[in-house]
Amino acid sequence: MANFLAQFLSIKNSCERVVIAVEDVSDLWPLVKKGFEERVPFKRATLNNKTRNAVFVDNLPAEFILTTDARLRSRFPQEQLLFSFREPYATVILVTCEDLDEFKTILKPRLKLIVQNDEREWFIVFVSRAPPHNDQATKMAKKVYARLEVDFSSKKRERCCKLDINGPEASFWEDLESKITECVRNTLDRRIQFYEEEIRKLSEQRFKPVWSFCNFFILKESLAFMFEMAHLHEDSLREYDELELCYLETVNIAGKHRDFGGMEHGDDQAALLSPAKKPLTQIVQDDSFREFEFRQYLFACQAKLLFKLNRPFEVASRGHSFVISFSKALALHESMLPFCLREVWIITSCLSLADATAAHYSSGTVAPDIEKEYYRVRGELYSLCRAKFMRLAYLLGYGAAIERSPVNSASLSMLPWPKPAIWPSVPSDASSEILLQVTPRVKHFGIQRKPLPLEPTFLLREANRRRASLSVGNVSEIFDGRTGFMDGSGSSAAMSRTNSTPGSFESSIDRPMKLAEIFVAAEHALQKTISDPGLWTSFSSLDEFEQKYLELSKYAAENYHNSWWKRHGVVLDGEIAAVCFKHGNYDLAAKSYEKVCALYSSEGWEDLLADVLPNLAECQKILNDQAGYLSSCVRLLSLDKSLFLSKERQAFQSEVVRLAHGELEHPVPLDVSSLITFSGNSGPPLELCDGDPGILSVILWSGFPDDITLESLSLTLNATSNADEGVKAIRSSGATILNPGRNTITLSLPPQKTGSYVLGVLTGQIGHLRFRSHRFARGGPAESDDLMSYEKPTRPILKVHKPRALVDLAAAVSSALLMNEPQWLGIIVKPLDYSLKGAVLHIDTGPGLKIEESQPIEMEIYTDTSKNADGLNDNKNNTSAAMERQVTLKDGSLELPDWASNITSVLWVPVRAINDGLARGTSAGTVSPERPSVVDGLRTVALKLEFGVSHNQTFDRTIAVHFTNPFHISTRVADKCSDGILLLQVILHSQVKACLTIHDAWLDLQDGFAHAGKTDGRPTFAFFPLVVPSASKAGILFSISLKATTTEEEVKAMNPDSILNIRYKIDGNRNLGSHTPMSVGTSGFEDDVSQLLTFKSAIVLQRPVLEPCLAVGFLPLPSGGLRVGQLFTMKWRVERLKYLEEENNDEVQYEVNASSEHWMIAGRKQGHVPLSIKQGSRIEISILCVPLTAGYVRPPQLELPNIGEANISCNPAGPHLVCVFPPPLSSSYCIPA
């Protein structure tokens, strides 16, 4: 089959479209040819791919060829099977007939003979030439066509269509295209199956000795080419991918030595996009192909399909991977290839891929992430091409002209030298050539650095080792590590060596070459390798080299900028800047250097920044950019000290000082945040009071190598609590000299407003230069003076306290005072390390509270050793003797005495809480909301203390004071005697933190009640005096009886409340809470009776319901129990026990309440039922219920909303819970008949 390779290539080059054979039975082709050929390519066709899935193909190319054409004749059966992709995919049979007999006798047998081949896809086109006005001819044509359909069409497939030349033909062309597409699809399916079967047979024999890759290749590419002709490009691409994998397996089979290729002239130019560059017949080797040409051919076929699929981004991605992998294959055979062919091939392949993909790519047609990846791959291609280009340039002697930057050093120092079998020698006619000499440029500021390497090893040593082995240990490298020469199995003619002296070889090379000779030899050898005149022109001179180098760098940077790897683009901008700087284009160089420096600075790559920043500074100095030049000098000084020598850093500082003391054309503030940093002391922040001045200590870190004088210095403070407060600037009084490292300076601090302050911006002046610093350093120990941390401090440097931080005001007592009685209100005044001399206290009572101005205000030293409610405690004054003073209150203000300016004291202010309402009692056992609320007894006192110099300090506080009644009253009926007398128990709850003594109590009853017997409402006098301690209870019994009311007027005039009157005395301490009012017992002239206090409380007594009027009974549940889902009736019996005067109708309102989760109620849940007003009347209320859940649940409850609970007797009472059983189990059985 390999003999058909040349014929296969010839057929492949001449066959481009799907062939449609035309069988012209009635000589109609000249008549319809134009119409048929105008319909190709077919606009919309549906074909099946390799996996039998439908694929829509646009513009399917096709060609109509007569069966009598020579191109379809004289083919051997084997050729037709092997090259079946060129055979017709459909056969169109053109016929016409105007007589039915002629059709039966002549046309029909001939058609039967034509269509007897079952493997051929065919259909018949009947051409009618009957004129429209000739009805007889038209009818006869229809009869013939109908007979044609009967004979050649079937229900499964329609094989006939009719073309009326003289009539409308729109539907015919659609039918024709549909039938042709169907035939092509069926033929394509059969041929795909044939090729797959043949390929499978060959694949099974792949590891046998008789297997031939050429045979496999012809079948595989025939299938791929057939897919390509049918515009099934995805399937064609898949076949080429499989073909490449199979070839690589074949190449890697051990034991077979094959010629690699690449030795012919022009092989240095990559053929990745030109599959027809070299015919396959020229690269055949035994049963396979040479690897060098064939792998490029396969990739070129893949790239062609990808371009047709409009996927240039995938061509770039695959191309980059292919170049990397193929370069490794070139490295394995480098010793046998022309000198530097690997490098030249990589350059041409990268450039061809980049140019081709750019020509086919349209921006915005793919997703953004794919587009960025596409530009990244293009950047990688240009970057790889750039590295190989520099390597060749270095071999030609242009190494001194290459910028020794970190990126170039990283690319070239890891790139190995070419490894030819023998390094080329200097031609005899090249002795007079002169090597290019380039003077290295001296860096600005006299910076001396060891140049970065551009070579993996010394070229001089490597080249001479490749020419001849100068030591025994280098023999393995000479032969490229091949063991055949080392163990003696190789040819003895490869290299001979004498045993006279170590290191002497029998060779025409009598001495090692010099470096200049190596460059000249490489140039002559490379000139023979490079066949592209344009590429060789780039090495012809230094200008041409720099132009090409700049072009590649720009392309790589531009693509990186459009991709994910923007930093790579910025780094390459630095290489472009170096070329621009060399040619005097300082403006463009400075712009590029600025981007590079910004990247290195943001990433923290100080080593790289130290290499580029001096170049930027030199550009700025040449351009007279003083602001930029100063900024660059400051950035150089702020870099790590180990990156520069001391004299270099001093040169940076001298430039800054020179410009600062010179005349600046455009003075601008200089940012020295990276050079001068500042922080507060490591201790606590400076604490000041509002309005007080102070001295602020600040630490400055100087990155200058020598002392520097600051003519002025100012520091701003930022308030942390209020952003709108603005900044406060503090300035130094004179010049400041900064030493290298840590410096401590002091600044006078004027009075500041209340709040916390952090360091803001440091500004100052060096000569005529104004500078600013925004960097913050964290202070550390003395041994870490050289360590600066650029973190913004969260700890404040200054705290200006509010007035409350200087003094505290609080209530002396937290327990309640008596309501409506004059009481001493204690106010504790506690200075906090601040003098209150001359302080004035303003007292403003809130609503419901007034100051008893008739009584003087007392003041004494606070001696309480216990902690009060506000948590104040003064242990210093626990042993001080009590000092009482009277202070005069004038217009709500009083001045504190001097003796109280530095000690904790307490003011006793006479106040009275006013409450005009009458206290109300509650029934015993009621819930707490009926009792008086604590909030009702709260009163507020607003205090304002003015102190300090000129009373500039103020402190405001509002204290809450609790006032309450001495008792809370609750009542209950203790017992009902047989004679109708009720024993009313009155319970007294003490609400003050003092001892209460009750001397008398009486009860003024409301109408409807009367005292029992002849008493006046007072209990037995033997009960008094009754002592009620703090937070305790006491009880008093009163005997009362019901009093009948006769008329409605008396009922309306009834007093609704009863009044309890209590005469009592209080014994308490004002330091603890409630106490004896100061107007009682203080002068000593009142008698005992006048010292008693009176407390009144209203209580409500309700007439008891002794006999209910209705009885509600719960009737028993069904004896069988309750089950879920079963309906039952729940009943209640309602019986009238007596007539209720309030109820004047014979109806009772009822309501049934049940949980919807447990019960379903069927019927009315609420309504009215008739019930006679006669005593003993009965009714039953029933309702249907269905239990929903099993278990113990609460049953439905019957309520009578219009009847009070006291008038209802539950007899018998309903159960609290009822038991509900689960539903019964259900089963079904099959009963036999």
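Residues numbered from 1 in each chain as written. Predicted model: local features only at pLDDT ≥ 70, side-chain atom pairs only at ≥ 80, totals over all residues. Heavy atoms only, no water.

An unreviewed UniProt entry lists the protein chain under the name Trafficking protein particle complex II-specific subunit 130 homolog, from Ambrosia artemisiifolia.

A. Broad picture of the overall build of the protein chain. The number of helices and strands found in the protein chain is 25 helices and 53 strands. Counting all 1233 residues of the protein chain, 47% fall into the buried class. Summarising the internal contacts of the protein chain: among those between residues at least 6 apart in sequence, 76% fall at separations of at least 24. Here the protein chain has roughly 62400 Å² of accessible surface; of this, 51% comes from carbon and sulfur atoms. (Helix = DSSP H or I, 4+ residues; strand = E, 2+ residues; numbered from the N terminus. Buried < 20%, exposed > 50% of the residue type's maximum accessible area, 1.4 Å probe, protein only. Contact = heavy atoms within 4.5 Å. Areas by Shrake-Rupley, 256 points an atom, 1.4 Å probe, with all protein chains shown as cover.)

B. Layout of the pattern of salt bridges. Counting across every chain of the model gives 42 salt bridges. One salt bridge in this structure joins R295 and E291, with 3.3 Å as the shortest N-O distance. Of this pair, R295 and E291 both sit in helix α9 (residues 291-308), four residues apart, roughly one helical turn. The pair formed by R295 and E291 is uniform in burial state, with each residue classed as buried. K944 is paired through a salt bridge with E946; the nearest N and O atoms lie 3.9 Å apart. Several salt bridges share partner residues, and in doing so they unite E234, D241, R311, E314 and R318 into one network. (Salt bridge = Lys/Arg side-chain N within 4 Å of Asp/Glu carboxyl O.)

C. Quick peek at the environment of C1109. Its place among the elements puts C1109 in the loop between β42 (1093-1099) and β43 (1110-1114). A residue is classified by how much of its surface remains accessible, and C1109, at 0% relative accessible area, is buried. Along the sequence, C1109 and R1136 sit 27 residues apart, while their C-alpha atoms lie 6.0 Å from each other.

D. Spotlight on the side chain of S409. Inspection of the secondary structure puts S409 in helix α13 (residues 406-413). Given the relative accessible area of 8%, S409 is considered buried. Here the side chain of S409 touches P453 through a polar contact of 2.7 Å, landing on its backbone oxygen. The residues touching S409, leaving out its near neighbours within four places in the chain, are M414, L452, P453 and L454. (Polar contact = N/O pair within 3.5 Å; in protein donor to acceptor, adjacent residues only side chain to side chain.)

E. Highlighting empty space enclosed by the protein. Overall, the coordinates contain five cavities of 30 Å³ or more when judged by the stated rule. Approximately 150 Å³ is the volume found for the largest cavity. Around the largest cavity, the lining is made up of 14 residues, and of these A271, K277, K278, E293 and Q296 lie nearest the centre. For the lining of the largest cavity, the per-class residue count stands at six nonpolar, four polar and four charged. As a volume, the second largest cavity reaches approximately 110 Å³. Among the elements of the structure, α13, α20 (566-582), α21 (586-603) and α22 (606-622) are those that each provide at least two residues to the lining of the second largest cavity. Considering every element that reaches the lining of the second largest cavity, the biggest residue donor is α20, with four residues. Of the residues that constitute the lining of the second largest cavity, the class distribution is eight nonpolar, three polar and three charged. (1 Å grid on protein atoms, 1.4 Å probe; cavity = no way out; pocket = protein on both sides within 12 Å on 5 of 7 lines; lining within 4 Å. Points joined across faces, edges and corners; volume = space filled by probe spheres on them. Nonpolar A, V, L, I, M, F, W, Y, C, P; charged D, E, K, R; others polar.)

F. Examining α22 more closely. Its 17 residues give α22 an end-to-end C-alpha distance of 24 Å, which sits within 8% of 24 Å, the value for a rise of 1.5 Å per residue. Maximal helix bending in α22 amounts to about 30°, located at V612; proline P614 follows within four positions. Turning to α22, its buried residues number three or more, namely L609, A610, V612, L613, P614, N615, L616, A617, E618, C619 and Q620. Contacts made by the buried residues of α22 are with α20, α21 and α23 (626-638). (Expected span 1.5 Å × (residues − 1). Bend = angle between axes of the 7 residues up to and from the residue.)

G. Representation of the environment of G569 in the model. Here G569 lies in helix α20. When residues no more than four places from it in sequence are discounted, the contact partners of G569 are A557, Y560 and H561.

H. Main features of the packing of helix α10 (residues 312-332) against helix α12 (residues 368-395). Here α10 crosses α12 at 35°, and the two axes come no closer than 9 Å. Crossing of α10 against α12: the hand is left-handed. Between α10 and α12, the residues in contact are P312, F313, A316, S317, H320, V323 and I324 and I370, Y374, V377, E380, L381 and L384, respectively. When its residues are assigned to classes, the contact of α10 with α12 shows 10 nonpolar, two polar and one charged. (Axes fitted to C-alpha atoms, helices over the stretch in contact; angles between N-to-C directions. Left-handed = near helix turned anticlockwise from the far one by under 90°.)

I. Main features of the pairing of strand β33 (residues 938-947). Two elements, strand β25 (residues 840-845) and β33, share six bridges in a ladder whose sense is antiparallel. Looking at the pairing, D844 lines up with A942 of β33. Looking at chain direction, β33 and strand β34 (residues 953-964) are connected through 10 bridges and run antiparallel. Its bridge partner lying in β34, A942 is registered against T958. (Pairing = 2+ DSSP bridges.)

J. Expanded view of the packing of aromatic side chains. Summed over the entire model, instances satisfying the criterion amount to 47 aromatic pairs. With 5.5 Å between their ring centres and 15° between their planes, F389 and F545 make a pair best called stacked. In this pair, F389 sits in helix α12 while F545 sits in helix α19 (residues 542-561), placing the two residues 156 residues apart along the sequence. On the accessibility criterion, F389 (0% relative accessible area) is buried. Residue F545 is classed as buried on the basis of its relative accessible area of 1%. Members of the aromatic cluster, each reached through a chain of ring pairs, are W211, F213, F216, F217, Y247, F289, F294 and Y297. Here the basic side chain of R39 rests over the ring of W173, its NZ or CZ set 4.2 Å away from the ring centre. The ring of W122 carries R159 above its face, with NZ or CZ at 4.3 Å from the centroid. (Phe/Tyr/Trp six-rings, centres within 6.5 Å; stacked < 30°, edge-to-face > 60°. Lys NZ or Arg CZ within 6 Å of the ring centre and 35° of its normal.)

K. Up close: the sheet that holds strand β11 (residues 676-680). As summarised here, the arrangement of the three strands in space is β11-β13-β18, forming an open sheet in which the pairing is antiparallel. For this open sheet the edge positions go to β11 and β18 (741-749), each flanked by a neighbour on one side alone. Within this sheet the neighbouring strands show an average axis-to-axis angle of 30°, counted without direction.

L. Molecular detail of the sheet that holds strand β41 (residues 1058-1067). Judged by pairing direction, the sheet is mixed, and its five strands sit side by side in the order β31-β42-β41-β37-β39 without closing on themselves. In this open sheet, the two edge strands, each paired with only one partner strand, are β31 (919-920) and β39 (1026-1028). Bridge count between strand β37 (residues 995-1004) and β41: nine bridges; the pairing is antiparallel. Residue L1003 lies in a different strand from β41, and its bridge partner there is L1060.

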